[in-house]
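# Coordinate inspection notes
The residues making up each chain are set out below.
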Amino acid sequence: MAFLFFSFRSMGLSEALANVGELKGVVANTLKQNGFTDVVNTQSEVAGNKNGVRVSILHLHNVDRQFWQVFMAGGDTAATKQTLDDVVNKVEHLAFL
């Protein structure tokens with residue numbers, strides 16, 4: 001059976017970051033540091049694979065330094081939801097100086 005889950009949040013860009021591109025770079029590195037492979041950081045997404053689960057994160061501009069972060073995960077195991085939750089938790093707790 002295939003599983004597909006998503007989560008989203010509205011957020012403001014930290015003053016420590018010049019733009020969303022810098023944030024996406026940090027998110028891509030976070031995925032790599034947490035065992036994701038085939039990590040990509042393109043104009044449309046930051047994504048990677050882990051244990052048969054593909055996670056994709058979109059950053060959609062809203063206004064000024066505000067944007068939507070949309071997290072999606074697809075996989076063939078029940079671990080798909082837990083993988084998504086783990087990524088959301090890691091990204092939500094990123095700290096910038």
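The structure presented is a predicted model; accordingly, all values stated were derived computationally and were not measured.

### Observations concerning the packing of aromatic side chains
- Under the definition given, this model contains three aromatic pairs.
- Between the aromatic rings of F3 and F5, the centroid separation amounts to 6.3 Å while the plane-to-plane angle is 10 degrees, which identifies the pairing as stacked.
- The class for F5 is partly exposed, based on a relative accessible area of 27%.
- Aromatic side chains F6 and F8 sit 6.2 Å apart centroid to centroid with 10 degrees between the ring planes, which places their arrangement in the stacked category.
- Residue F6 is classed as exposed on the basis of its relative accessible area of 58%.
- The exposure class of F8 is partly exposed, given its relative accessible area of 49%.
- Grouped by ring-pair contacts, the aromatic residues F6, F8 and W68 constitute a single cluster.

Definitions and limits used
Going along each chain's sequence as written, the residues are numbered from 1 onward. Given that the model is predicted, a residue must reach a pLDDT of at least 70 before its local features are reported, and side-chain atom pairs must reach 80 or more before they are shown or counted; all residues, however, enter totals for whole chains, interfaces and linings. For the side-chain quantities, the full set of heavy atoms in the structure was used; hydrogens and water were omitted. Classification of ring pairs uses Phe, Tyr and Trp, with its six-membered ring standing for Trp, and accepts pairs whose centres are within 6.5 Å; under 30 degrees between planes counts as stacked, over 60 as edge-to-face, and the remaining range as tilted. Here the term buried applies to any residue with accessible area under 20% of the maximum for its type, exposed to any over 50%, and partly exposed to those in between, with areas from a 1.4 Å probe on protein chains only.

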